[in-house]
Amino acid sequence: SLSAGLDLPGRFLFATLTLMTLIAILVFIEEAVYIYRKIPSSKRSIIIWINAAAPVISTTACIGMWVPRSTMFTDFTAGIFFAIVIHKFLMMMIKECGGQKVLLRRFENGHFTITTGPCCCCCLCLPRVPITRQTLFWLKLGTFQIAVFRPVLIFLSIVLWTNGNYVLYNASPKGPALWINCFIGALTLFALWAVGIMFRKVRILLKCKNIIPKFALYQFIVILNQLQTTIINIFATQKIIPCAPPLSSTARGSYIAQQLLIMEMFLITVISRMVYRRKYHDLEPPECVAEEPGDKQQTP
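Source: prediction; values computed, not measured. (Residues numbered from 1 in each chain as written. Predicted model: local features only at pLDDT ≥ 70, side-chain atom pairs only at ≥ 80, totals over all residues. Heavy atoms only, no water.)

J.: Sorry if this is basic, but what is going on with the nonpolar core here?
T.: Side chains of nonpolar character tend, in soluble globular proteins, to be buried together. Within the largest apolar cluster, 75 residues are counted, with the highest numbers of intra-cluster contacts made by Phe89, Met93, Leu103, Met198 and Tyr218. Broken down by secondary-structure element, the contributors of at least two residues to this core are helix 1 (8-38), helix 2 (41-66), helix 3 (71-96), helix 4 (100-106), helix 5 (133-162), helix 6 (176-202), helix 7 (211-237) and helix 8 (249-276). Residue contributions to this core peak at 14 residues, all from helix 3. Leave out the neighbours within four places in its chain, and Phe89 touches Ile50, Val195, Ile211, Lys214, Phe215, Tyr218 and Tyr276. (Core = buried A, V, L, I, M, F, W, Y, C linked by side-chain atoms within 4.5 Å. Buried < 20%, exposed > 50% of the residue type's maximum accessible area, 1.4 Å probe, protein only. Helix = DSSP H or I, 4+ residues; strand = E, 2+ residues; numbered from the N terminus. Contact = heavy atoms within 4.5 Å.)

And the structure:
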């Protein structure tokens, strides 16, 4: 534990960040009770899962801050939880449209635009894909695979780590860490791509459900939890972040990333409470919803 070697400003910082984590947990518990009472049962668990992402990441970061040796386990726990949240967010958009059957009726002659980030935003030549039960299945499979394979790969990493074969910050091609992380990164990109395709289609329909701020919060969690932490760890591995005894460069990089995550996830938890707590109007029946101009097809 680092707490024994902290000076007064350090202890004050640790206490403040721990308090922010506790407040985030309390805000989430209060919000979960509200959702359980006010939201229909078909959407209840999905929305609670999504709202839990920020407090869970904040909690794991706080544990990693106090117990530096647990960093690997806390990062893996946050990674597994967020992999499930990616799939839950896609399912929430389908539920908000009225479910799969209603969504297919709403966009009966519509198309998915697959030229979207993070995979194919530059591939403008790709055709649009008709919205069918099969394409909807492939989108759900695109997010479900990360919820299944990421925990399996993380479990494999822990097994290799206990045997001394897995080094967390080892970027050598001869070690398993680089290949496992690259594979997890590819699976994550495909999952985010599936969510982006669905969001691009339903964002106008679900504007009354505040889907754009919800998607923005989800994107912030992706960027801060995945990209920000990865960049800081790369800087630490390359010694750009200097060591500060008793912390090495990699330990100090992890230490900085955890402190930033606690503050950022605290803000996202508070904002999520305001966004998800609003009362929304129900969507009109599919027969009353006009399709977008680009989706209309003339019958022969």
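J.: For this particular structure, what's the right way to read the environment of Asn225?
T.: Within the fold, Asn225 resides in helix 7. In this structure the C-alpha to C-alpha distance between Asn225 and Ala257, which are 32 residues apart in sequence, comes to 9.0 Å.

J.: Explain the packing of aromatic side chains to me, please; I cannot follow it from the model alone.
T.: Aromatic ring pairs: the centre-centre distance and the angle between the two ring planes describe each pair. Taken as a whole, this structure holds 11 aromatic pairs when the rule is applied. With a centroid separation of 5.9 Å and an interplanar angle of 40 degrees, the aromatic rings of Phe14 and Tyr255 are classed as tilted. Of the two residues, Phe14 is situated in helix 1 and Tyr255 in helix 8; the sequence distance between them amounts to 241 residues. Comparing Phe14 with Tyr255 shows no difference in burial state: the two are buried. Ring plane angle 25 degrees and centroid distance 6.4 Å describe the contact between Phe82 and Tyr218, whose orientation is recorded as stacked. Here Tyr218 lies in helix 7 and Phe82 lies in helix 3, a separation of 136 residues in the sequence. (Phe/Tyr/Trp six-rings, centres within 6.5 Å; stacked < 30°, edge-to-face > 60°.)

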